[in-house]
Amino acid sequence: MTVTIDENTTRTLTVPPKARRTPPPRNRERKPLISYGHWWWALPAVVLVIGVHYAATLTGGFFAFTNWTGLGDWEFIGLKNFERIFSDPQLVGAVWNTLFLAFGSVILTNVIGLLFALAINRTLKTRYILRTLLFMPVVLSPLAVAYVWKFIFQFNGPLNNLLGALGLEELQKVWLADPTWSIWAILITVVWQQTGFTMVIYLAGLASVPIEVEEAAALDGAGIWGRFWNVTVPAIRPSIAIATTLGIIQGLRIFDQILALTGGGPAGATETLATEVYKQAFSLGQFGFGSALALVLTVIILAFAILQQYVTRDRDAGKA
(Lines give C-alpha, C1' and ligand atoms only; values in the text may rest on other atoms or scores of the structure.)
Protein backbone atom coordinates (compact mmCIF):
# COMPACT_ATOMS: atom_id res chain seq x y z
CA MET A 1 0.00 0.00 0.00
CA THR A 2 1.55 3.35 -1.10
CA VAL A 3 0.68 6.71 0.53
CA THR A 4 1.89 10.07 -0.86
CA ILE A 5 2.54 12.65 1.95
CA ASP A 6 3.82 15.51 -0.20
CA GLU A 7 5.31 16.10 -3.63
CA ASN A 8 8.91 15.25 -2.58
CA THR A 9 8.31 12.46 -0.11
CA THR A 10 6.89 9.07 -0.80
CA ARG A 11 6.60 6.37 1.84
CA THR A 12 5.46 2.82 1.57
CA LEU A 13 3.24 1.53 4.40
CA THR A 14 2.50 -2.13 4.90
CA VAL A 15 -0.96 -2.81 6.34
CA PRO A 16 -1.45 -6.20 7.97
CA PRO A 17 -4.29 -8.31 6.53
CA LYS A 18 -6.28 -8.19 9.80
CA ALA A 19 -6.38 -4.37 9.71
CA ARG A 20 -7.68 -4.15 6.17
CA ARG A 21 -11.34 -3.28 5.68
CA THR A 22 -11.69 -5.29 2.51
CA PRO A 23 -14.45 -7.88 3.14
CA PRO A 24 -13.35 -11.48 2.93
CA PRO A 25 -14.36 -13.39 -0.17
CA ARG A 26 -17.85 -14.91 0.18
CA ASN A 27 -18.43 -18.57 -0.01
CA ARG A 28 -20.52 -18.92 -3.12
CA GLU A 29 -21.58 -22.47 -2.32
CA ARG A 30 -25.34 -22.63 -1.85
CA LYS A 31 -26.37 -23.43 1.69
CA PRO A 32 -29.10 -25.97 2.28
CA LEU A 33 -32.52 -24.73 3.29
CA ILE A 34 -32.19 -26.43 6.68
CA SER A 35 -28.57 -26.44 7.79
CA TYR A 36 -27.18 -29.16 10.00
CA GLY A 37 -28.02 -28.55 13.64
CA HIS A 38 -31.18 -26.53 12.98
CA TRP A 39 -33.49 -29.33 11.81
CA TRP A 40 -34.72 -29.94 15.33
CA TRP A 41 -37.37 -27.22 15.08
CA ALA A 42 -39.48 -29.51 12.87
CA LEU A 43 -38.84 -32.66 14.95
CA PRO A 44 -41.94 -32.40 17.22
CA ALA A 45 -44.30 -32.04 14.26
CA VAL A 46 -42.60 -34.88 12.37
CA VAL A 47 -42.78 -37.21 15.37
CA LEU A 48 -46.43 -36.27 15.96
CA VAL A 49 -47.43 -36.95 12.35
CA ILE A 50 -45.52 -40.24 12.22
CA GLY A 51 -46.81 -41.44 15.58
CA VAL A 52 -50.43 -40.35 15.33
CA HIS A 53 -51.10 -40.70 11.62
CA TYR A 54 -48.80 -43.19 9.92
CA ALA A 55 -48.15 -45.52 12.86
CA ALA A 56 -51.84 -45.63 13.75
CA THR A 57 -52.81 -46.25 10.12
CA LEU A 58 -50.30 -49.08 9.73
CA THR A 59 -51.44 -50.60 13.03
CA GLY A 60 -55.07 -50.45 11.92
CA GLY A 61 -54.13 -52.00 8.60
CA PHE A 62 -52.44 -54.88 10.41
CA PHE A 63 -55.43 -55.56 12.68
CA ALA A 64 -57.65 -55.69 9.57
CA PHE A 65 -56.26 -59.21 9.10
CA THR A 66 -57.07 -60.32 12.67
CA ASN A 67 -60.15 -61.03 14.78
CA TRP A 68 -59.17 -58.61 17.54
CA THR A 69 -62.06 -57.38 19.70
CA GLY A 70 -60.21 -54.46 21.23
CA LEU A 71 -59.28 -56.35 24.41
CA GLY A 72 -57.17 -59.40 25.07
CA ASP A 73 -55.50 -61.65 22.53
CA TRP A 74 -56.03 -61.72 18.81
CA GLU A 75 -55.60 -64.27 16.04
CA PHE A 76 -54.34 -63.71 12.51
CA ILE A 77 -57.15 -64.79 10.15
CA GLY A 78 -55.89 -63.55 6.78
CA LEU A 79 -58.50 -62.35 4.30
CA LYS A 80 -61.57 -63.67 6.13
CA ASN A 81 -62.69 -60.18 7.15
CA PHE A 82 -62.64 -59.03 3.54
CA GLU A 83 -64.46 -62.16 2.38
CA ARG A 84 -67.13 -61.35 4.95
CA ILE A 85 -67.41 -57.78 3.69
CA PHE A 86 -68.06 -58.69 0.06
CA SER A 87 -70.34 -61.63 0.89
CA ASP A 88 -72.68 -59.61 3.15
CA PRO A 89 -75.43 -57.87 1.09
CA GLN A 90 -75.80 -55.12 3.68
CA LEU A 91 -72.09 -54.29 3.56
CA VAL A 92 -72.07 -54.36 -0.24
CA GLY A 93 -75.02 -51.97 -0.09
CA ALA A 94 -72.97 -49.74 2.22
CA VAL A 95 -70.25 -49.62 -0.42
CA TRP A 96 -72.76 -48.58 -3.09
CA ASN A 97 -74.26 -45.95 -0.77
CA THR A 98 -70.78 -44.58 -0.15
CA LEU A 99 -70.09 -44.27 -3.87
CA PHE A 100 -73.53 -42.77 -4.53
CA LEU A 101 -73.11 -40.05 -1.92
CA ALA A 102 -69.53 -39.35 -3.01
CA PHE A 103 -70.18 -38.95 -6.72
CA GLY A 104 -73.59 -37.36 -6.24
CA SER A 105 -72.19 -34.71 -3.93
CA VAL A 106 -69.15 -34.09 -6.18
CA ILE A 107 -71.25 -33.59 -9.31
CA LEU A 108 -73.90 -31.39 -7.71
CA THR A 109 -71.56 -29.25 -5.60
CA ASN A 110 -69.24 -28.63 -8.55
CA VAL A 111 -72.01 -27.76 -10.99
CA ILE A 112 -73.95 -25.55 -8.57
CA GLY A 113 -70.79 -24.03 -7.07
CA LEU A 114 -69.46 -23.14 -10.54
CA LEU A 115 -72.79 -21.58 -11.53
CA PHE A 116 -72.79 -19.49 -8.35
CA ALA A 117 -69.19 -18.43 -8.97
CA LEU A 118 -69.93 -17.41 -12.56
CA ALA A 119 -73.03 -15.51 -11.48
CA ILE A 120 -71.40 -13.40 -8.76
CA ASN A 121 -67.87 -13.17 -10.10
CA ARG A 122 -67.74 -9.61 -11.45
CA THR A 123 -71.11 -8.22 -12.45
CA LEU A 124 -73.35 -8.04 -9.38
CA LYS A 125 -72.95 -5.13 -7.01
CA THR A 126 -74.07 -7.30 -4.09
CA ARG A 127 -71.56 -10.07 -4.89
CA TYR A 128 -69.66 -9.67 -1.61
CA ILE A 129 -72.82 -10.09 0.47
CA LEU A 130 -73.91 -13.07 -1.65
CA ARG A 131 -70.49 -14.70 -1.26
CA THR A 132 -70.79 -14.43 2.51
CA LEU A 133 -74.33 -15.82 2.58
CA LEU A 134 -73.50 -18.71 0.26
CA PHE A 135 -70.33 -19.60 2.16
CA MET A 136 -71.94 -19.39 5.61
CA PRO A 137 -73.21 -23.05 5.68
CA VAL A 138 -69.62 -24.26 5.30
CA VAL A 139 -68.56 -22.86 8.68
CA LEU A 140 -71.51 -24.39 10.51
CA SER A 141 -71.24 -27.66 12.38
CA PRO A 142 -72.33 -30.64 10.24
CA LEU A 143 -74.37 -31.96 13.16
CA ALA A 144 -76.16 -28.62 13.58
CA VAL A 145 -76.93 -28.50 9.86
CA ALA A 146 -78.16 -32.09 9.92
CA TYR A 147 -80.55 -31.45 12.80
CA VAL A 148 -81.98 -28.39 11.01
CA TRP A 149 -82.62 -30.47 7.90
CA LYS A 150 -84.03 -33.27 10.04
CA PHE A 151 -86.68 -30.82 11.21
CA ILE A 152 -87.35 -29.79 7.59
CA PHE A 153 -87.77 -33.41 6.45
CA GLN A 154 -90.18 -34.39 9.24
CA PHE A 155 -93.68 -35.42 8.18
CA ASN A 156 -95.11 -32.29 9.80
CA GLY A 157 -92.10 -30.22 8.83
CA PRO A 158 -91.78 -27.24 6.50
CA LEU A 159 -91.17 -29.31 3.34
CA ASN A 160 -94.40 -31.30 3.54
CA ASN A 161 -96.29 -28.20 4.66
CA LEU A 162 -95.05 -26.36 1.57
CA LEU A 163 -96.07 -29.24 -0.69
CA GLY A 164 -99.50 -29.26 0.94
CA ALA A 165 -99.89 -25.51 0.47
CA LEU A 166 -99.07 -25.93 -3.24
CA GLY A 167 -101.68 -28.67 -3.61
CA LEU A 168 -99.09 -31.44 -4.02
CA GLU A 169 -100.25 -33.69 -1.20
CA GLU A 170 -99.40 -36.80 -3.23
CA LEU A 171 -95.71 -35.83 -2.99
CA GLN A 172 -95.69 -35.65 0.80
CA LYS A 173 -93.56 -38.40 2.31
CA VAL A 174 -91.90 -39.49 5.52
CA TRP A 175 -88.62 -38.58 3.90
CA LEU A 176 -86.16 -39.93 6.46
CA ALA A 177 -88.10 -43.16 7.02
CA ASP A 178 -88.50 -44.00 3.34
CA PRO A 179 -85.83 -46.47 2.13
CA THR A 180 -85.83 -44.86 -1.33
CA TRP A 181 -85.81 -41.17 -0.44
CA SER A 182 -83.77 -41.16 2.77
CA ILE A 183 -80.45 -41.39 0.90
CA TRP A 184 -81.54 -38.43 -1.27
CA ALA A 185 -82.35 -36.41 1.84
CA ILE A 186 -78.80 -36.97 3.08
CA LEU A 187 -77.41 -35.98 -0.32
CA ILE A 188 -79.40 -32.72 -0.31
CA THR A 189 -78.11 -31.88 3.16
CA VAL A 190 -74.49 -32.52 2.17
CA VAL A 191 -74.75 -30.56 -1.07
CA TRP A 192 -76.38 -27.58 0.70
CA GLN A 193 -73.51 -27.34 3.15
CA GLN A 194 -70.55 -27.99 0.83
CA THR A 195 -71.54 -25.96 -2.24
CA GLY A 196 -70.21 -22.73 -0.73
CA PHE A 197 -66.74 -24.21 -0.31
CA THR A 198 -66.64 -25.30 -3.95
CA MET A 199 -67.88 -21.86 -5.01
CA VAL A 200 -64.95 -20.17 -3.25
CA ILE A 201 -62.47 -22.44 -5.05
CA TYR A 202 -63.97 -21.53 -8.41
CA LEU A 203 -64.06 -17.83 -7.54
CA ALA A 204 -60.31 -18.00 -6.93
CA GLY A 205 -59.85 -19.68 -10.30
CA LEU A 206 -62.06 -17.20 -12.14
CA ALA A 207 -60.04 -14.31 -10.71
CA SER A 208 -57.10 -15.48 -12.83
CA VAL A 209 -59.05 -15.37 -16.12
CA PRO A 210 -58.00 -12.20 -18.01
CA ILE A 211 -60.91 -9.95 -18.93
CA GLU A 212 -59.10 -8.96 -22.13
CA VAL A 213 -59.13 -12.55 -23.40
CA GLU A 214 -62.87 -12.86 -22.81
CA GLU A 215 -63.51 -9.54 -24.56
CA ALA A 216 -61.35 -10.58 -27.50
CA ALA A 217 -63.25 -13.85 -27.80
CA ALA A 218 -66.55 -11.94 -27.71
CA LEU A 219 -65.33 -9.59 -30.47
CA ASP A 220 -64.39 -12.62 -32.57
CA GLY A 221 -68.00 -13.74 -32.39
CA ALA A 222 -67.78 -16.37 -29.63
CA GLY A 223 -71.00 -16.84 -27.72
CA ILE A 224 -71.43 -17.36 -23.98
CA TRP A 225 -70.93 -21.12 -24.24
CA GLY A 226 -67.94 -20.72 -26.55
CA ARG A 227 -66.22 -18.27 -24.21
CA PHE A 228 -66.93 -20.51 -21.25
CA TRP A 229 -65.66 -23.72 -22.88
CA ASN A 230 -62.65 -22.33 -24.73
CA VAL A 231 -61.50 -19.56 -22.38
CA THR A 232 -62.85 -20.08 -18.88
CA VAL A 233 -62.59 -23.86 -18.50
CA PRO A 234 -58.90 -24.12 -19.53
CA ALA A 235 -58.04 -21.27 -17.16
CA ILE A 236 -59.78 -22.81 -14.14
CA ARG A 237 -58.61 -26.39 -14.74
CA PRO A 238 -56.46 -26.36 -11.55
CA SER A 239 -59.51 -25.22 -9.59
CA ILE A 240 -61.56 -28.05 -11.08
CA ALA A 241 -58.88 -30.55 -10.03
CA ILE A 242 -58.77 -29.21 -6.47
CA ALA A 243 -62.56 -29.01 -6.07
CA THR A 244 -63.20 -32.51 -7.38
CA THR A 245 -60.37 -34.09 -5.39
CA LEU A 246 -61.49 -32.56 -2.11
CA GLY A 247 -65.12 -33.32 -2.97
CA ILE A 248 -64.47 -37.01 -3.60
CA ILE A 249 -62.48 -37.41 -0.41
CA GLN A 250 -65.10 -35.59 1.64
CA GLY A 251 -67.96 -37.45 -0.04
CA LEU A 252 -66.47 -40.86 0.68
CA ARG A 253 -66.11 -39.92 4.36
CA ILE A 254 -69.65 -38.63 5.00
CA PHE A 255 -70.55 -39.62 8.55
CA ASP A 256 -72.01 -36.84 10.73
CA GLN A 257 -75.02 -36.15 8.53
CA ILE A 258 -75.97 -39.82 8.30
CA LEU A 259 -75.64 -40.38 12.03
CA ALA A 260 -77.79 -37.35 12.84
CA LEU A 261 -80.47 -37.78 10.15
CA THR A 262 -81.09 -41.53 9.92
CA GLY A 263 -78.47 -43.36 11.98
CA GLY A 264 -77.95 -45.64 8.97
CA GLY A 265 -81.64 -46.56 8.65
CA PRO A 266 -84.25 -47.30 7.68
CA ALA A 267 -83.27 -50.98 7.53
CA GLY A 268 -79.70 -50.10 6.58
CA ALA A 269 -80.78 -48.09 3.52
CA THR A 270 -78.37 -45.25 4.32
CA GLU A 271 -75.46 -47.20 5.77
CA THR A 272 -72.04 -46.31 4.39
CA LEU A 273 -68.56 -47.65 5.01
CA ALA A 274 -67.91 -44.83 7.47
CA THR A 275 -70.96 -45.64 9.59
CA GLU A 276 -70.23 -49.36 9.40
CA VAL A 277 -66.67 -48.77 10.64
CA TYR A 278 -68.06 -46.89 13.64
CA LYS A 279 -70.73 -49.49 14.45
CA GLN A 280 -68.56 -52.56 13.97
CA ALA A 281 -65.55 -51.21 15.88
CA PHE A 282 -67.10 -49.16 18.67
CA SER A 283 -70.66 -50.46 19.06
CA LEU A 284 -70.08 -54.17 18.48
CA GLY A 285 -66.45 -54.33 19.62
CA GLN A 286 -65.20 -56.02 16.45
CA PHE A 287 -62.10 -53.92 15.96
CA GLY A 288 -60.49 -56.31 13.51
CA PHE A 289 -63.52 -56.30 11.22
CA GLY A 290 -63.93 -52.54 11.64
CA SER A 291 -60.29 -52.07 10.65
CA ALA A 292 -60.91 -54.15 7.52
CA LEU A 293 -63.81 -51.86 6.59
CA ALA A 294 -61.64 -48.81 7.23
CA LEU A 295 -58.91 -50.26 5.02
CA VAL A 296 -61.38 -50.84 2.20
CA LEU A 297 -62.57 -47.24 2.54
CA THR A 298 -58.97 -45.98 2.49
CA VAL A 299 -58.18 -47.94 -0.67
CA ILE A 300 -61.31 -46.59 -2.39
CA ILE A 301 -60.43 -43.00 -1.45
CA LEU A 302 -56.85 -43.42 -2.65
CA ALA A 303 -57.89 -45.05 -5.92
CA PHE A 304 -60.44 -42.40 -6.84
CA ALA A 305 -58.13 -39.56 -5.79
CA ILE A 306 -55.37 -40.89 -8.08
CA LEU A 307 -57.83 -41.47 -10.92
CA GLN A 308 -59.25 -37.98 -10.55
CA GLN A 309 -55.78 -36.42 -10.59
CA TYR A 310 -54.97 -38.34 -13.78
CA VAL A 311 -58.18 -37.28 -15.52
CA THR A 312 -57.89 -33.57 -14.59
CA ARG A 313 -54.14 -33.29 -15.18
CA ASP A 314 -52.76 -30.55 -17.43
CA ARG A 315 -52.00 -32.40 -20.66
CA ASP A 316 -50.13 -29.44 -22.12
CA ALA A 317 -47.63 -29.18 -19.27
CA GLY A 318 -45.26 -31.80 -20.65
CA LYS A 319 -45.32 -30.40 -24.19
CA ALA A 320 -43.60 -27.14 -23.30
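Here's a quick rundown of the structure. Just so it is clear, the model here is predicted, and its values are computed rather than measured.

1. Considering helix α5 (residues 142-152)
Logical step 1: Regarding α5, the residues found buried are Val145, Ala146 and Trp149. Buried residues of α5, seen end-on, are gathered within an arc of 100° and therefore sit on one face of the element.
Logical step 2: Of the surrounding secondary structure, the elements contacted by the buried residues of α5 are α4 (127-139), α7 (182-206) and α11 (256-261).

2. A few points about the packing of helix α10 (residues 237-252) against helix α13 (residues 287-311)
Logical step 1: Axis separation between α10 and α13 bottoms out at 10 Å; the angle between their running directions is 165°. Taken as axis vectors, α10 and α13 run roughly antiparallel relative to one another. In terms of crossing hand, the pair formed by α10 and α13 is right-handed. The segment α10 lies against α13, with Ile240, Ala241, Thr244, Thr245, Ile248, Ile249 and Leu252 engaging Leu297, Ile300, Ile301, Phe304, Gln308 and Gln309.
Logical step 2: Here the contact of α10 with α13 is built from residues that sort into nine nonpolar, four polar and no charged.

3. Focus on unusual backbone geometry
For residues besides glycine, phi is generally negative; the peptide bonds are generally trans as well.
Logical step 1: Cis geometry is found at the peptide bond from Gly265 to Pro266, where omega equals -5°.
Logical step 2: Among the secondary structure elements, Pro266 is positioned in the loop between α11 and α12 (273-283).
Logical step 3: Phi at Ala267 takes a positive value of approximately 55°, unusual for a residue other than glycine.
Logical step 4: Residue position: Ala267 is located in the loop between α11 and α12.

4. Re the packing of helix α2 (residues 80-87) against helix α3 (residues 89-119)
Logical step 1: Look at α2 against α3: their axes get within 5 Å of each other, and the N-to-C directions meet at 80°. When the axes of α2 and α3 are compared, the pair comes out roughly perpendicular. Counting all contacts with α2, which are made through Arg84, Ile85, Phe86 and Ser87, the residues of α3 involved are Pro89, Leu91 and Val92.
Logical step 2: Here the contact of α2 with α3 is built from residues that sort into five nonpolar, one polar and one charged.

5. Some details on the pattern of salt bridges
Logical step 1: For the structure on display, the rule yields one salt bridge.
Logical step 2: Ionic pairing is found between Lys279 and Glu271, a salt bridge with its closest N-O pair at 2.4 Å.
Logical step 3: Residue Lys279 is classed as partly exposed on the basis of its relative accessible area of 23%.
Logical step 4: Among the residues examined, Glu271 registers a relative accessible area of 4% and is labelled buried.

6. Regarding the side chain of Thr98
Logical step 1: Positionally, Thr98 belongs in helix α3.
Logical step 2: The class for Thr98 is buried, based on a relative accessible area of 2%.
Logical step 3: For Thr98, the side chain forms a polar contact with the main-chain nitrogen of Leu273, separated by 3.0 Å.
Logical step 4: When neighbours within four sequence positions are excluded, Thr98 is seen to be in contact with Gly251, Leu252, Thr272, Leu273 and Leu297.

7. Points about the environment of Phe255
Logical step 1: Examined against the element boundaries, Phe255 turns out to sit in the loop between α10 and α11.
Logical step 2: Separated by 18 residues in sequence, Phe255 and Leu273 place their C-alpha atoms 9.0 Å apart.
Logical step 3: Those residues within four positions of Phe255 in sequence are excluded, and the remaining contacts are Ala274, Thr275 and Tyr278.

What counts and what doesn't
Residues numbered from 1 in each chain as written. Predicted model: local features only at pLDDT ≥ 70, side-chain atom pairs only at ≥ 80, totals over all residues. Heavy atoms only, no water. Buried < 20%, exposed > 50% of the residue type's maximum accessible area, 1.4 Å probe, protein only. Helix = DSSP H or I, 4+ residues; strand = E, 2+ residues; numbered from the N terminus. Arc of directions from axis to C-beta. Contact = heavy atoms within 4.5 Å. Axes fitted to C-alpha atoms, helices over the stretch in contact; angles between N-to-C directions. Parallel < 35°, antiparallel > 145°, perpendicular 65-115°, else oblique. Left-handed = near helix turned anticlockwise from the far one by under 90°. Nonpolar A, V, L, I, M, F, W, Y, C, P; charged D, E, K, R; others polar. Salt bridge = Lys/Arg side-chain N within 4 Å of Asp/Glu carboxyl O. Polar contact = N/O pair within 3.5 Å; in protein donor to acceptor, adjacent residues only side chain to side chain.

Note that every value here comes from positions in space, so none of it alone points to a role or purpose.
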